[in-house]
Structures are given as structure tokens and as C-alpha cells.
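Chain by chain, the residues run as shown.
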Amino acid sequence: MSKIKRAAYLIKQVGRNPGQLAAGIALVVTFAAGAFADMQNQAAHHQQERAFVGQQLGEVRARLEAEITSGIQLVRGLIAVIKLEPDLNQERFERIAANMLGDEPLLRNIAGAPGLVISLMHPMEGNSAAIGLDYTKDANQREAAMRAVETGEMLLAGPINLRQGGQGFVARFPVFLDEKKTPQSLWGIISTVIDVDTFYTASGLDDENLAIELTIAGKDGTGIEGPVFYGSPSVLDTDPVTATVSLPGGSWHVAAIPRKGWSTVPPDAWLVRSLLFLGGLLVVVPILVAGHYYDRHRADLREINRRERQLERLSQRLKLALEASSIGVWEMDIESRRLTWDSRTRELYGIDADAPEPPLEQCQAMMHPDDRAAARLAFEHAISSGSRFETECRVTDRKGAVRWIRTIGAVSHDARGRSNILGVNWDVSQDIELKSRLMEANKRAELRNVELEEARALMEYNSLHDSLTGLPNRRYLDQRLSAASGKDGAAPAIAALLHIDLDRFKEINDTLGHAAGDAMLVHAAEVLKASSRSDDFIARIGGDEFVLAITGGACEADLERLATRIIDRMRQPVPYGKQECRFGVSIGIALAETGTRDYGQRLLIDADIALYRAKKSGRNRHEFFTPELKAEIVNGKSLADEILAGLERGEFIPYFQPQFDARTLQVTGVEALARWDHPERGLLAPDAFLKAAEELNVVQMIDRSILEQSLFHQARWASEDGQAPKVSVNVSAGRFNEPGFIESLDNLGPMAGRLSFELLESVFLDERCERVAGNIERLNALGIDIEIDDFGSGYASIVSLLNTRPSRLKIDRRLVIPLVECDRQRQIVASIVEIGRSLDIRVIAEGVETMAHAAILRDMGCEGLQGYAFARPMSSAQLTAFLRRERPRHIA
């Protein structure tokens, strides 16, 4: 369908421009005729060129055949002599050959080969190398010689490389002594060598004036099928003129082309083409000019018709637009002041359609008195200046109805030079009424915008202030800190920041309710206002946190006095209802370093760090921020990050310290101690990370990891040696109170007799915790022993020991180390051993540093020993080696 549409479009375009079509046809015909004439000229030139090459080639062929024939005829005379004297010798052969050849330059030598072996030669000088050549044995000449013998005819071979040097054509004549040419009558072969260079020169092939380039094929007389031996083989591929040179027993194929190759353009090509182009111009140009003017005339006629149709459509549209829009048209002759109104204008002014045209004065009299002067002034100004005018005025018709009419007019001039005003009128009463309503609505909207702006300001105030205390909030503080950092120069610089946190506020909130807590917050805000200066900035940034920004100059002593004053006032009892509430505050203070970038935000961070130290140091006090404090916090943060990363990478591993029987010194078990295999700091004991781990609340995770690894190593010991010592694992308070603690042990396999848990005395003897007692009972049911670690460092009671009955008591190393030199310490340890013996609880001593300690503890009745005197904590592999060394000693 697209091709059909395109064809239809082209036909339509051709129909619109027949002149162009005629010119195009003439141009195509002229171009075709010129192209045909040019082709004929090229063809005629090519034929002439081939005829010339053929003529030159014929002359060369004739010379080639003539030179070959003249040499052969001389040799045939010698053959006739040999038939008469078959036994002639070299002297006779040379004399006859010399007489026959004379000064013939073409023939290089004549050789006789009786019995097919060359023994006769003329001239001998320069050709003696050929004497003795046996045609039947020479690979280069055997085939051609045998072919001459078999055919009985003379054969021309070559060009070949001669034994005596150089190249030549060799003509071989088989010589038979009878006419039947039987093999028995074969005398041999007479051969003559035609010198190649002399032959080519004599034939004119080396002539520099030769206008053609030659190629000769047919070595050894093989004709067109033979190889090329003269000229370039590429000539055969360029459509050459060819000829055949007849030879005795064969032929040569000669091909020729012009020396510069075939020319594609005749010498007179551009002259012929120029004549053709001029002739074409004489035909086409007049046709093009005539066609152009013909098409232009047709286009002008089409444009006139189009504009007439367009004008008719515009007139119809204007008529419809005037009728639809109720616009009236009027015209006034400026010189005569005579008005001409259409029916719509009469209707607008209330004048009957059949009434005569009203004068200008009557029209102005119908206008409202308040609008008349302005309308007359605009009208007269347009007449005097020749410009456009526009008015809106009220008109009262004969029935007393008032309507608003808008008038637009402009001065124009007709073809005769007369001036008039052409204008339009239309009723805009509804527009005026709508405009009035819009103005009223605009006034109401402006009032509404004022209210919205006030509401927005209130919302902005509320978003920046705390609703309870009326103080600025955290968002407001952030803005002030950003401004103080140099982002907004309108705010005064902040010299110091006090970060204030209420102590015991949560207890008041939880026990007396939120209303009491709110009252305490309001009281704290009032205290801060009363304690600070008028230009200081106070903000409530959290539930019970406040910030006091000192905007004037302040030194450390002034800030310390201010903090002390706030702490003292906050300590005072606050009446609430029938009660008095008491709470305190902790304050972190940071002095500003105004020279640093973003010091405002950094100031809040520094004050928060100081507050953290104040609360950690006992609350109800203040602390100043120092670089050392920041470094401590940063180091703590770094240590915490390293602990978490170490848990993820499995860097917390168990080290095992053997426990020994006090009497036999045999290994009775091992205690699994947590160690941190730090990638940079090496192996770390718990005192390097336990405090930070407790603050991170990851002690339970470390305990769980040590327990799982210990059980894994215990299983490996059993599989390697057939036996494994019992393992004691420390369990923290958080781990022991963790919900699901017992359930988490189910996946660790059977543990009866293999495992014991060491609990701190404070955890084990906490009688208030029912979960601890329940977990102990469930552990006993699983066969897991319970041991009290660091016994003697807490506040254990005999009743609690009776109620829970642990399997072992481990005496704190701080009690064991001094007992060698201190009798009082020895009595205390002896008492603990006696308590264990009386309650049937085994007692083991930690911190046994020397054998003297071991002897004293053994004599006291202590059943187990653990300390550096026997073995230090070691890895699983080291423990395996240690046990293997100890086993033979005990056996012995």
C-alpha cells in the first residue's frame, strides 16, 4: 500500500507541474543520447587500437618465421651431405659446416650426434663443452631429442640453458640414411643452436620503438598450452591481440597489447563530450525556461483560488464568531461624524432595527454620567493621535436597564484617503460582576493568608520549642549550633556548653506518674533559667536532658561555679501534692574552640562525653571535657568495635589450666579460661577486655563461644587418646539468667560427668532470684556440676550452701597467695576447707604459686590445686602434649 500511495503522490505532483515534467523528459532523452554517442566513440576507438596492434603483431610474426626458416634451410644442406658421407670426421664436418654457415650470425653452432652422442661440432671454440653429450642420458634434452627421432621430423626446442653457457633455441634434425626412416637407418641427430638474444634482436622484439608489448608462449613449440618464455604472463589476462607462429613440428602463441595498455578514453573524448553537452544545452535550456514560466503561471492561479477560498472561510468564521459572541460592529466617518451601526450594536443600546442611525451626541447621552467624560476623552484622543482606544462604560437604554459595554476602536484609512474609526462593542456586565466578586474574594484570601502566616509562625515556634517547658528543643539547638559554627553569622558565638541530665527522674516518673515527672521537668527548667544569664541559651533536648549554651565569655572557674550552683539548687526538695520529690543532676561541660570548623556540633559531642563520665563517676556531679577523656572514650569505642569484630571472626578462644589432686598430683580436670587472640596485640587475658564486654552486653556471647569450643576440644581429646579431663567453664550472671539458657544446652550433646559450670559467689547465692535456683536444679538433672568461683570474696551464707549444695568451692586466689607468710590468712583458708569438708563439698584452691603453697593446702585438707606452681593456662594442642608427658610419670 505504501508503494501505491507513493506512486499516486508522484502522479499528483506531476499533474501540478507539467512544465517541469516536459523539461525532465527532455533532459533524460538528451542525456541518454549523449551517453550513447560517447559509448559509440569509445567502441570505435577500441577497434582502431586493436587493428593497430594486430598490424604490428603481424609484422613481428613474419620476422620471427623468416628468421627461423632461413636458419633451418642452411642445416638441411648439411644433412644432404651427411647422407652421402655418413662416416665423415670432425675435420670434414667442420669444413662443410663452415662453408655453409659463412657469416650467419643467428646460428651459434652446428653439432652432429652420430648414435645420439655429440662428437662433431662447428665451431669447436667455445662449444667444446657439448662434445660427448649423450641425448639418451641427458635429463634436460632427452625428451625433445627422442620426440624428434620418433616423429622423424625436425623439432625446435627451447629456449634452454646450454651446457656451453647461455641460452638458445635448439633445432634437432633426425638423420636417416634411407627414405623409409626406419630405426635401423637412423644415423643420429644434427642440431643447431639459435642464439636467443641474436634471434630476439633480429626479429625486432628488442626494438625500443616497437609500439606494442609482446608475450610469447609455447616453449618447445607447444603452442598456446605451453609456458610463457618471453614477456610478461599478465599480458594474456588483458584481452590481447593474438597470433600463431608456425614452426617445424609445433608453434608459438604470440599475444600483444599497446605498450601503455588499452586506453579507456579516446583522445578526442572530451571534445566529443563538450559538443554533446553544448548540443544538449541548446535543447534542454529553452524547454526548462518555458516549463518554469508555465508552472509558475499555474501556481499563481492556484494561489489566487486558494486565497479566495480562505477569504470566504474567514468571512464565514467572522460572521459566526460575531453572532456567537454577541459582538456589535460600528463605524464612524471622522470628517462627518456619521455613525453606522450593525444590528447587534443597536440591540446593545436599545435602538430599534428600523430606526435611523443615531447621531454621536445621542450615543454619548445614553452613557452613565460618571463614565461619560472619560469615554469622550479617550474617543477624542484616538481621533487626534490616530491611535487605538478602549473604554468601559455603563449605558442606560430607553427601558431604564443598565449594562456595562466595552468599546474598542482604531483609526483607519480607506483607499481614497478618508479617515474613519472602526470599532466593536460587547456586553461585559457579567465580567464586571465577576470581577467585583473576585476582588472581594481576593480581600478575603488576603485575610486568610494573614491567618495562615500567623498559624505557620506558631507551628514554626512549636516545632522549635518544647511544649511542656517552653524552652527551645533539639531542632532549635541544632540550628543555633550550626549558626555558631559559622554557617550563619547572625547568631552570637557559643563559649561553652553544659549538657545536663536529671538523676533519679525515672524513679519519680515510675512511682508518682507522668504528671509528677512533668512537674519536675518544669521545675528543672525554672532552675536553669534562674541560674543562667539572659543572653544564655537553654534547651530541652530529650526526656530529662537539658543543654545550657553560654553565649558570653566564660572561663573554667565561672563554669564550675555555675555547675555547682545548678547542682545545689536541683538537690533541693520539690513539693508535689503531699510529698516532696528529690532528684539531682549530672553535668558535662565543654569549652568551645571557636577556631575549628563546625565547632558548634563538636561542642555538643564533647559535652555529651563529659556527661557520660560524670554519670559513670557517681552522678550528681559535673565533669569537664578534656582531650584525655575523649581519647579514653574513643579508645573504648575502638575496643568495643574490635570485640564485636573479634566475635564475628571467632578470635575468642579457650585456654585450659589443669587442676591437680592435692595428694597424688594427678590431673583431675581443666578450667577453660577465655582468651582473645587479637590479630595485632596478640593473646589477651580477660582483664584487657572483660569490662568493655560487660558494657557491650556481649559477655554471654563470649561464654557461649568458650563453652562450645571447650566441648569440641574435649571430644577431640577423647577421640585421640581415649580419655579426656573434665572441663570447668565460667558462666556469667547474664548468661545464667538468660531465658532459654538450659534449652540452648540441648544441642551440645550429653554432658553428664564431662562438664561443670563455675559461677561467681554473688550469682550463685542470690536467694532472691528464683530463675537461678531453677536453673541449678535443671543443670543437676543434666549431670552438670556446679562450682562456686572466687569463694571467700563475697557474702556467702552457710544456709545458701546447704540449700544449693554445689559440687566444689574454689577459694579465691587473693586468700591463697598470702597464706605462706600470714597466719591469719592461713586460718581463714583452713576455715573454708573445714566448711567444705563438713558440708561434703570438695574444695579447690586457686593461685597456687609455689610448692610451699601446695604443701600447706594439702596439709589443711584441700583436695584440689590450681596455679602456676603446676601449669599455666595453655592451648588445646599444648594441653594434649602436657597430658601425654604427665601420664607416664603418674603411672611410674
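Our subject in this report is the structure included herewith. Every value quoted in this text rests on a predicted model; they were computed, and no experiment measured them. (Residues numbered from 1 in each chain as written. Predicted model: local features only at pLDDT ≥ 70, side-chain atom pairs only at ≥ 80, totals over all residues. Heavy atoms only, no water.)

## Observations regarding the side chain of histidine 499
Thinking step 1. By the secondary structure assignment, histidine 499 is in strand E15 (residues 496–503).
Thinking step 2. Not counting residues up to four positions away in its chain, the partners in contact with histidine 499 are Ile541, Glu545, Phe546, Val547, Ser586, Ile587, Gly588, Ala607, Asp608 and Leu611. (Helix = DSSP H or I, 4+ residues; strand = E, 2+ residues; numbered from the N terminus. Contact = heavy atoms within 4.5 Å.)

## Overview of the pattern of salt bridges
Thinking step 1. One pass over the full model with this rule turns up 40 salt bridges.
Thinking step 2. Between arginine 388 and glutamate 390 there is a salt bridge, with its nearest N and O atoms 3.9 Å apart.
Thinking step 3. On the basis of relative accessibility, which here comes to 55%, the residue arginine 388 falls in the exposed class.
Thinking step 4. Linking arginine 837 and glutamate 834 is a salt bridge whose minimum nitrogen-to-oxygen distance equals 2.6 Å. Placement of the pair is arginine 837 and glutamate 834 together in helix H24 (residues 823–838), with a separation of three residues, close to one helical turn.
Thinking step 5. Three or more residues are tied together by salt bridges with common partners; here these are Asp501, Asp503, Lys615 and Arg619. (Salt bridge = Lys/Arg side-chain N within 4 Å of Asp/Glu carboxyl O. Buried < 20%, exposed > 50% of the residue type's maximum accessible area, 1.4 Å probe, protein only.)

## Some words on the nonpolar core
Thinking step 1. Counting residues in hydrophobic clusters, the biggest one holds 64 residues, and the most contacted among them are Phe757, Leu779 and Leu857.
Thinking step 2. Examining the composition of this core, we find that six residues originate from one element, helix H18 (residues 699–721), more than from any other.
Thinking step 3. Residues contacting leucine 779, with those up to four places away along its chain left out, are Phe736, Phe741, Ile742, Leu745, Phe757, Ile784 and Ile786.
Thinking step 4. Judged by nonpolar contacts, the second largest core, of 49 residues, contains Ile68, Ile79, Leu106 and Tyr230. (Core = buried A, V, L, I, M, F, W, Y, C linked by side-chain atoms within 4.5 Å.)

## Let's talk about unusual backbone geometry
Thinking step 1. Residue proline 123 is reached from histidine 122 by a cis peptide bond, and omega for that bond is -15°.
Thinking step 2. Not every positive phi belongs to a glycine, and aspartate 239 is a case in point at roughly 55°.
Thinking step 3. Positionally, aspartate 239 belongs in the loop between strand E7 (228–230) and strand E8 (241–247).
Thinking step 4. Residue classification places aspartate 239 among the partly exposed positions, given a relative accessible area of 47%.
Thinking step 5. Despite not being glycine, arginine 504 has its phi angle at roughly 65°, a positive value.
Thinking step 6. In this structure, arginine 504 sits in the loop between E15 and helix H12 (505–512).

## Side note on the sheet that holds E7
Within a beta sheet, neighbouring strands are joined by backbone hydrogen bonds and run either parallel or antiparallel to one another.
Thinking step 1. Strand order in the open sheet formed by four strands is E7-E6-E9-E8, and the pairing between neighbours is antiparallel. Two strands close off the open sheet at either side, each with one partner strand: E7 and E8. Taking the axes of each pair of neighbouring strands and ignoring which way they run, one obtains an average angle of 30° across the sheet.
Thinking step 2. Judged from the seven bridges that link them, E8 and strand E9 (residues 250–258) form a sheet pairing that is antiparallel. (Pairing = 2+ DSSP bridges. Axes fitted to C-alpha atoms, helices over the stretch in contact; angles between N-to-C directions.)

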